[in-house]
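# Chain and residue survey
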Amino acid sequence: MIKFFLMNLLLSFIWVALTGSLFYSNFIFGYLLGFGVLWIMNRNETDQRYFYRVPKIISFFFFFLYELIKANVQVAYDVITPKYFFKPGIVRYPVNTTTDFEINILATFISLTPGTLIIDISDDKKAIYIHVMYLKDEEQFIRTLKTGVERKLLEILR
């Protein structure tokens, strides 16, 4: 998988060198073009993980960007208005992760979202304690994290 990623980066740099314009948009276009070339060349290979993970990573990026903007708008609205809408609470969030790396990445992405903060991870590594700034329904918050961030992140990592 690393081999395909490095070849894709090499193809992107070759594209940038051939076109002569060093812009982010040109590099991204070269990356996507290289991804398509590699995918066509390696359709019969047994290891296809790279070609399934890259679209999942891109969709996770846009999903997390949307969640980040939504949370920022909610916090900014609460700061600007004279009435406070927050209802803080602490949630015990059971995780389906198996390794320390998965727990760390999940906790990092949860903490990056405004209005949430990781307080602790249980000793058996089966739960994360999260301080939530806008907690209306604990079960709905857990369900949203399970079907959103955790599911998409574990699809990428496994």
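Here we summarise the structure given alongside this text. Each chain carries its own residue numbering, running from 1 in the direction its sequence is written. Per-residue local features are limited, in this predicted model, to residues with pLDDT of at least 70; the limit for side-chain atom pairs, both in listing and counting, is 80 or more; totals at the level of whole chains, interfaces and linings are taken over all residues. Excluded from the side-chain calculation are hydrogens and water; included are all heavy atoms of the structure.

On to helix α5 (residues 138-157). Helix length check: α5 (20 residues) gives 26 Å between terminal C-alpha atoms against 28 Å at 1.5 Å per residue, within 8%. Bend is the name given here to the angle between axes fitted to two runs of seven residues, the run ending at a residue and the run starting at it. Where helices and strands are cited, they refer to DSSP runs of H or I of at least four residues and of E of at least two residues respectively, numbered from the N terminus. Within α5, the axis deviates most sharply at Lys146, by approximately 35°. Each residue is assigned to one of three classes by its accessible area relative to the maximum for its type, calculated with a 1.4 Å probe on protein chains only: buried under 20%, partly exposed between the two thresholds, exposed over 50%. Looking at α5, one finds that the buried residues are Phe141, Ile142, Leu145, Gly148, Val149, Glu150, Leu153, Leu154 and Ile156. Looking at the packing, one finds that the buried side of α5 touches α3 (49-80), β1 (89-94), α4 (100-112), β2 (116-121) and β3 (127-132). Helix span is expected to be 1.5 Å times the residue number reduced by one. Any two residues whose heavy atoms approach within 4.5 Å at even a single point are treated as in contact.

Looking now at a nonpolar patch on the surface. The grouping of Tyr24, Ile28, Leu32, Ile58, Phe61, Phe62, Leu65, Ile69 and Val73 at the surface amounts to a nonpolar patch, some 960 Å² of accessible area in total. For the nonpolar patch, the secondary structure elements donating two or more residues are α2 (24-41) and α3. Among the elements that take part in the nonpolar patch, α3 stands out by supplying six residues, more than any other. Along the chain, the position of Tyr24 falls in helix α2. The class for Tyr24 is exposed, based on a relative accessible area of 75%. Residues with no salt bridge and a relative accessible area higher than 30% make up the patches, which join like charges within 9 Å and nonpolar side chains (Val, Leu, Ile, Met, Phe, Trp, Tyr) within 5 Å. Note that accessible areas follow from Shrake-Rupley with a 1.4 Å probe, and for residues the cover is restricted to the protein chains shown. Every case where a carboxyl oxygen of Asp or Glu lies within 4 Å of a side-chain nitrogen of Lys or Arg is listed as a salt bridge.

Moving on, we get to the sheet that holds β1. One open sheet accounts for three strands, arranged β1-β3-β2; its pairing is antiparallel. A strand with exactly one partner marks an edge of an open sheet, and here the two such strands are β1 and β2. If you compare each strand with its neighbour and ignore which way they point, the axes differ by 30° on average. By the bridge criterion, six bridges tie β1 to β3 in an arrangement that is antiparallel. By the bridge assignment, Pro94 is partnered in β3 with Ala127. Axis definition: a line fitted to C-alpha atoms, over the contacting stretch in the case of helices. Angles run 0 to 180 degrees between N-to-C directions. Across the sheet, α4 lies against β1, β2 and β3, angled at about 150° from β2, the strand it touches most. Its contacts with the sheet place α5 against β1, β2 and β3, and it is angled at close to 50° to β1. Here a strand pair is declared whenever DSSP counts at least two bridges between the two strands.

Looking at the element boundaries, Leu33 is found in helix α2. Overall, Leu33 belongs to the partly exposed group, its relative accessible area being 37%. Through-space distance from the C-alpha of Leu33 to that of Lys3 is 17 Å; in sequence the pair is 30 residues apart.

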